[in-house]
Amino acid sequence: MRKWIVAGNWKMQNNIAESIALAKSIKEGITNLNNGEVVVAPPFTALYSVGEIIKGSPIVLAAQNMYYEDKGAFTGEIAPGMLKDTGCAYVIIGHSERRKYFHDSDEDVNLKVKKALAVGLKPIVCVGETDEERVKGVTQSVVGRQVRKALNDIDKIDNIVIAYEPVWAIGTGKVATSMQAQEVHKFIRDILKELYGAVAGDIRILYGGSVTGDNIGELIDMEDIDGALVGGASLKPDGFLSIIKTIDKKR
Ligand code: PGA
């Protein structure tokens, strides 16, 4: 049985004090998790402080992005080793907002995934089609390309998590139906099977895009949905905890 994940992507929100307060509330609200992992991804400036708060709890730390070089003259970038230094276990790579506003290409995503794996960070690789692409009927070719390119030249995927996040569902309140999501999740798993064989059955594929405590129950009942990457609803302890509790009860 795959271990489920609920990951909170705080994006460019919460200063240090707010991040600490949120992390504390989440920590207090979580008891024993049956077979799951809770991940929080605060902004860079709060990683260390949040890492200190969640030490010894079932919550693990993630960054929202990284650069693919170890060190050097790359003003404004953050190296993978620096993330490990703050206590990160995971790093989100290729989020659609990175792809859209900061022009992260499929090639950048691939370089970052390789680098993350090399230093022992687990990448959460985001893929997903835009509204226009879904309407045009090219969802599978877009998602297929993103998955294959992200994994180019990578032979071990045990430590990789994939997040399917339809761009039209992110921050819009327009969640994908469980059938729509399952269809793409299965499509992604089939690609992983083709590329890596049986291990594909162990890889976690998360759904992201307007997930709330109200809609997660239906999504998590789907065979190939192994958890959620949550934006808006991860910023309030109650909203985030209700997602965690619903999944924990069902799995
Ligand atoms: P949302 O964001 O839950 O606010 O739609 C999800 C994400 O961007 O990861």
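A few points on the structure.

The rules behind the values
As a convention, each chain's residues are numbered from 1 in the sequence order in which they are written. For this predicted model, a pLDDT threshold of at least 70 governs which residues receive local features, and a threshold of 80 or more governs which side-chain atom pairs are given and counted, while totals over whole chains, interfaces and linings are taken from all residues. Hydrogens and water are ignored here; the side-chain numbers use all heavy atoms of the structure. Put simply, DSSP marks the helices as runs of H or I at least four residues long and the strands as runs of E at least two long, and each gets a number from the N terminus on. The atom set for the radius of gyration is the C-alpha atoms, and the globule formula is 2.2 Å times the number of residues raised to the power 0.38. For every residue, the accessible area (1.4 Å probe, protein chains only) is compared with the maximum for its type, and the residue is labelled buried under 20%, exposed over 50%, or partly exposed between those bounds. The contact criterion used is simple: two residues touch if any of their non-hydrogen atoms lie within 4.5 Å. Helix axes are fitted only over the stretch in contact, all axes being lines through C-alpha atoms; the angle between N-to-C directions runs from 0 to 180 degrees. Here the angle decides the label: under 35 degrees means roughly parallel, over 145 means roughly antiparallel, 65 to 115 means roughly perpendicular, and every other value means oblique. Whether a crossing is left-handed or right-handed is set by the direction in which the near helix is turned from the far one by less than a right angle, anticlockwise for left-handed and clockwise for right-handed. For this scheme, ten residues count as nonpolar: Ala, Val, Leu, Ile, Met, Phe, Trp, Tyr, Cys and Pro. Four count as charged, namely Asp, Glu, Lys and Arg, and the remainder, Gly too, count as polar. A pocket here means an open set of points on a 1 Å grid, computed over the protein atoms alone, that has protein on both sides within 12 Å along at least five of seven lines. A cavity is instead a set of points where a 1.4 Å probe fits but cannot get out; residues with an atom within 4 Å of a point line either one. Grid points are joined across faces, edges and corners, and a volume is the space filled by probe spheres set on the points. Here a helix's expected span is defined as the number of its residues, less one, multiplied by 1.5 Å. For two strands to pair, DSSP has to find at least two bridges joining them. A molecule or strand has a residue near it when one of that residue's heavy atoms lies within 4 Å. Think of a polar contact as two N or O atoms within 3.5 Å of one another; within protein, one of them needs to be a possible hydrogen donor and the other a possible acceptor, and neighboring residues in sequence only count if both atoms come from side chains. Reported accessibility uses the Shrake-Rupley method at a 1.4 Å probe radius. Residues are deemed covered only where the shown protein chains occlude them. Two cysteine sulfurs form what is called a disulfide whenever their separation falls within 2.5 Å. Working definition of a nonpolar core: buried Ala, Val, Leu, Ile, Met, Phe, Trp, Tyr and Cys residues. They are joined through side-chain atoms within 4.5 Å. We call a crossover right-handed when, viewed with the strands running away from us, the connection from the first strand over the helix to the second turns clockwise.

### Some thoughts on the overall build of the protein chain
When helices and strands are counted, the protein chain shows ten helices and eight strands. Since a compact globule built from 251 residues should have a radius of gyration of about 18 Å, the 17 Å found for the protein chain is in line with a globular shape. Out of the 251 residues in the protein chain, the part that is buried amounts to 53%. Residue pairs in contact within the protein chain that sit at least 24 positions apart in sequence constitute 73% of those at least 6 positions apart.

### Digging into the packing of helix 7 (residues 139–150) against helix 8 (residues 178–196)
Between helix 7 and helix 8, the shortest axis-to-axis distance is 10 Å and the interhelical angle comes to 40°. On the basis of their axis angle, the class for helix 7 and helix 8 is oblique. Read as a crossing pair, helix 7 and helix 8 show a hand that is right-handed. The segment helix 7 lies against helix 8, with T139, Q140, V143, G144, V147 and R148 engaging E183, V184, F187, I188, I191, L192, E194 and L195. Tallied by class, the residues present in the contact of helix 7 with helix 8 amount to eight nonpolar, three polar and three charged.

### Some points on unusual backbone geometry
For residues besides glycine, phi is generally negative; the peptide bonds are generally trans as well. Its identity as a non-glycine residue notwithstanding, D153 has a phi of 70°, on the positive side. Of note in the backbone geometry, S210 takes a positive phi value of approximately 60° without being a glycine. By secondary structure assignment, the location of S210 is in the loop between strand 7 (205–208) and helix 9 (216–220).

### Concerning the layout of surface pockets
Approximately 430 Å³ is the volume attributed to the largest pocket. Taken together, 16 residues make up the lining of the largest pocket; nearest its centre are K11, M12, Q64, R98 and F102. The residue inventory of the lining of the largest pocket, partitioned by class, reads seven nonpolar, six polar and three charged.

### Observations regarding helix 5 (residues 106–119)
For helix 5, which comprises 14 residues, the first-to-last C-alpha distance of 20 Å matches the rise-based estimate of 20 Å (1.5 Å per residue) to within 8%. Of the residues making up helix 5, those classed as buried are D106, V109, N110, K112, V113, K115 and A116. Within two residues after helix 5, G120 carries a phi angle of roughly 90°, on the positive side.

### Topic: the sheet that holds strand 3 (residues 59–63)
Spatial strand order, 1-2-3-4-5-6-7-8: eight strands in a closed barrel with parallel pairing. Ignoring which end each strand starts from, the neighbouring axes of this sheet average 25° apart. Judged from the six bridges that link them, strand 1 (residues 4–9) and strand 2 (residues 36–41) form a sheet pairing that is parallel. Along strand 2, the bridge assignment pairs G8 with V40.

### Some words on the site of the ligand
K11, H95, E165, G171 and S210 are the nearest of the 13 residues found near the ligand. In this structure, S210 approaches the ligand through a main-chain N or O atom, which is 2.7 Å from an oxygen atom. Burial of the ligand by the surrounding chains reaches 95%, relative to a free accessible area of 280 Å². Tallied by class, residues from the shell around the ligand come to four nonpolar, seven polar and two charged.

### Some words on the state of the cysteines
Evaluation of the coordinates by the stated rule reveals zero disulfides. C88 carries a free sulfur, and the closest cysteine sulfur to it, the one in C126, is 15 Å from it. Owing to a relative accessible area of 2%, C126 belongs among the buried residues under this scheme.

### Describing the nonpolar core
By size, the foremost hydrophobic cluster in this structure holds 66 residues, and its most contacted members are I26, V40, I188, L192, Y207 and I244. Ranked by the residues each element gives to this core, the list is headed by helix 8, at seven residues. Dropping the residues within four chain positions of it, I244 is found in contact with W4, V6, I30, L33 and V38. Counting residues in hydrophobic clusters, the runner-up holds 13 residues, among them V39, I92, I124 and L229.

### Things to note about the pairing of strand 6 (residues 161–164)
Burial along strand 6 is two-sided: the face carrying V161 and A163 and the face carrying I162 and Y164 are both buried. Bridge analysis of strand 6 against strand 7 gives three bridges, and the strand direction is parallel. Looking at the pairing, A163 lines up with L206 of strand 7. Each parallel crossover has a hand, and the one from strand 6 via helix 8 to strand 7 is right-handed.

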